[in-house]
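A structural walkthrough
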Amino acid sequence: MNATAPAPRPGPAPVRRLTVLYDAECSLCAFLRDWLLRQPQLVPLEPVPAGSAEARRRFPGLDHGATLDEITVVGDAGQVYRGPAAWVVTLWALREHRPLAHRLSTPSGARLAKGAVLAAAKWRGTQWNRGQRGTGQWGGRVYRRADGWAYAPGTGWTYTAPGCADGTCAPR
């Protein structure tokens, strides 16, 4: 009898690289981007500003408005992770945090990951609302590059007032 083995079924594509879409105007997001880049990586992570021309060029099928509302990570074979799953896969890519990612991928760990994502979203929302309505208790709003703010990991936030070299600044 000459039996042939069944053809192997294609499995999920291995993840060899992850693109992390982050809100470049969010101080928490920028801090986490910098932290991620300092971590030893088992799978390379590449941060790209969400909603940017680069993100739109690379991922034309994504809802880029949604990537500004919720962390989104894209694998090199087209895998898309959002919300808690995006946090877990990002931790999975880090050498020192892969065991934590495995724990967060369990049903009880998923609840914890979801809580962390919701807490971060709530914090971002309060910063955005303070910036829009001017009701903040401290700081008043999100620090934005367009307003003259810059962040450096070693020195923190610095402010440089926009220049008036061309004479277009309004008098105070």
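All values derive from a computational prediction rather than experimental measurement.

1. Things to note about the nonpolar core
- Among the nonpolar cores identified, the biggest contains 17 residues, and Leu-18, Leu-45, Val-73 and Tyr-81 are the most heavily contacted of them.
- Elements with a minimum of two residues in this core: strand S1 (18–22), helix H4 (83–92) and helix H5 (98–104).
- Counting residues per element, this core draws most heavily on H4, which supplies four residues.
- The residues touching Leu-18, leaving out its near neighbours within four places in the chain, are Val-43, Pro-44, Leu-45, Glu-46, Val-73, Val-74, Gly-75, Tyr-81, Val-89 and Ala-93.
- Judged by nonpolar contacts, the second largest core, of seven residues, contains Val-48, Ala-55, Phe-59 and Leu-62.

2. Comments concerning the side chain of Thr-72
- Position of Thr-72 among the secondary structure elements: in strand S3 (residues 72–75).
- A relative accessible area of 0% means that Thr-72 is categorised as buried.
- Polar contacts involving the side chain of Thr-72 include one to the main-chain carbonyl oxygen of Glu-70, which spans 3.0 Å.
- Beyond its immediate chain neighbours, meaning those up to four positions away, Thr-72 contacts Thr-19, Val-20, Leu-21, Thr-67, Val-80, Tyr-81, Arg-82 and Ala-86.

3. Focus on the environment of Ala-152
- Among the secondary structure elements, Ala-152 is positioned in strand S5 (residues 149–152).
- Placed 121 residues apart in sequence, Ala-152 and Phe-31 show a C-alpha to C-alpha distance of 9.4 Å.

Quick notes on the rules
- Residues numbered from 1 in each chain as written.
- Predicted model: local features only at pLDDT ≥ 70, side-chain atom pairs only at ≥ 80, totals over all residues.
- Heavy atoms only, no water.
- Core = buried A, V, L, I, M, F, W, Y, C linked by side-chain atoms within 4.5 Å.
- Buried < 20%, exposed > 50% of the residue type's maximum accessible area, 1.4 Å probe, protein only.
- Helix = DSSP H or I, 4+ residues; strand = E, 2+ residues; numbered from the N terminus.
- Contact = heavy atoms within 4.5 Å.
- Polar contact = N/O pair within 3.5 Å; in protein donor to acceptor, adjacent residues only side chain to side chain.

Limitation: the analysis is restricted to geometry and does not speak to function.
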